[in-house]
Every structure is written in structure tokens, then in C-alpha cells.
Amino acid sequence: QVQLVESGGGLVQAGGSLRLSCVASGIIFRINPMGWYRQAPGKQRELVARITSDGNTDYAESVKGRFTISRDNAKNTVYLQMNSLKPEDTAVYYCNAPYWGYDYWGQGTQVTVSS
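These numbers come from a predicted model, not from an experiment. (Residues numbered from 1 in each chain as written. Predicted model: local features only at pLDDT ≥ 70, side-chain atom pairs only at ≥ 80, totals over all residues. Heavy atoms only, no water.)

Q: A description of the sheet that holds strand β8 (residues 77–82) should follow, citing residues and the corresponding values.
A: Strand order in the open sheet formed by four strands is β1-β3-β8-β7, with antiparallel pairing between adjacent strands. Lying at the two open borders of the sheet, with one neighbouring strand each, are β1 (3–7) and β7 (67–72). Neighbour to neighbour, the strand axes of the sheet diverge by 15 degrees on average, direction disregarded. Bridge count between β7 and β8: six bridges; the pairing is antiparallel. Across the sheet, Phe67 pairs through a bridge with Met82, a residue of β8. (Pairing = 2+ DSSP bridges. Helix = DSSP H or I, 4+ residues; strand = E, 2+ residues; numbered from the N terminus. Axes fitted to C-alpha atoms, helices over the stretch in contact; angles between N-to-C directions.)

Q: I'd like to hear about the pattern of salt bridges, residue by residue, with values.
A: Pairs can form between side chains of opposite charge whenever their charged atoms are close. Tallying each qualifying case throughout the model produces five salt bridges. As a salt-bridge pair, Arg38 and Glu46 come within 2.7 Å of each other at their nearest N and O atoms. Relative accessible area serves as the criterion here: at 36%, Glu46 is assigned to the partly exposed category. A salt bridge links Lys64 to Glu61, with the shortest nitrogen-to-oxygen separation between them at 2.8 Å. Through salt bridges with shared partners, one network takes in Arg38, Glu46, Arg66 and Asp89. (Salt bridge = Lys/Arg side-chain N within 4 Å of Asp/Glu carboxyl O. Buried < 20%, exposed > 50% of the residue type's maximum accessible area, 1.4 Å probe, protein only.)

Q: Account for the packing of aromatic side chains, with residues named and values stated.
A: Within this structure, the stated rule accounts for three aromatic pairs. Measuring from ring centre to ring centre gives 5.0 Å for Tyr37 and Trp105, while their planes differ by 75 degrees; the resulting arrangement is edge-to-face. Taken together, the residues Tyr37 in strand β4 (residues 34–39) and Trp105 in strand β10 (residues 102–105) connect sequence positions 68 residues apart. Among the aromatic residues, those joined into a ring-pair cluster are Tyr37, Tyr94 and Trp105. Across from the ring centre of Tyr94, 3.7 Å away, lies the NZ or CZ of Arg45, which sits over that ring. The residue whose ring lies beneath Arg45 is Trp105, and the NZ or CZ to ring-centre distance is 4.5 Å. (Phe/Tyr/Trp six-rings, centres within 6.5 Å; stacked < 30°, edge-to-face > 60°. Lys NZ or Arg CZ within 6 Å of the ring centre and 35° of its normal.)

Structural measurements only, silent on function.
Structure follows, in C-alpha cells:
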């Protein structure tokens, strides 16, 4: 049974930082790509960042230079360090694990950036 559990969201002022964590179970984490997505009210879910099993990363243009995705295979955990946050980063952030042709999702964690 695949489970993804996110934590680390919250309310922060513009310019501040947050670090999201996602602990995965039920997958062979060290060989699995992982990703972070977000969904703002009234908008479609969008890719924020992803990381391959060997550490290659990819970012949405809107977060390049501000967000960093990383992984700790010993802890089955993927992180999203978010710096210089903007009000437009406000959204529910979801951890994603594509596994055996299926996309698994966490329950989401709310990030709210006040101006």
C-alpha cells in the first residue's frame, strides 16, 4: 500500500521561507522519481518540481531560483525548500509518486503567503 504523507505547510509572510516534507512508504523509494505539485483555488493542479532517482531536477519557471527539491533515500523523504515566497505561491501542495504506471498523491498541505 503506497502512502505519501506531507507536512510543513503553514502561513508565512511574503519573502519568507517554508520547507515541505513528504514521507513515502510502500514504494522502492530510492529508484522512484518524486514530485511536488500545487493547486490554487479555481486553478488546475500544476507541477512545481520533480526529482529523478539519481537526483536530476526540473522546476516550473515560476519557482526557478526560489524553490529547491531534494531527497533523502535513507529516510524515504522528499523535500521542497521554498524561499522568497510570494502571495501567488498560495496553494495546496501535493507530493506525487509515479509508480507502476499509476500516480500516487499525498493528502496535501496548505501553504498561504500573505502580502
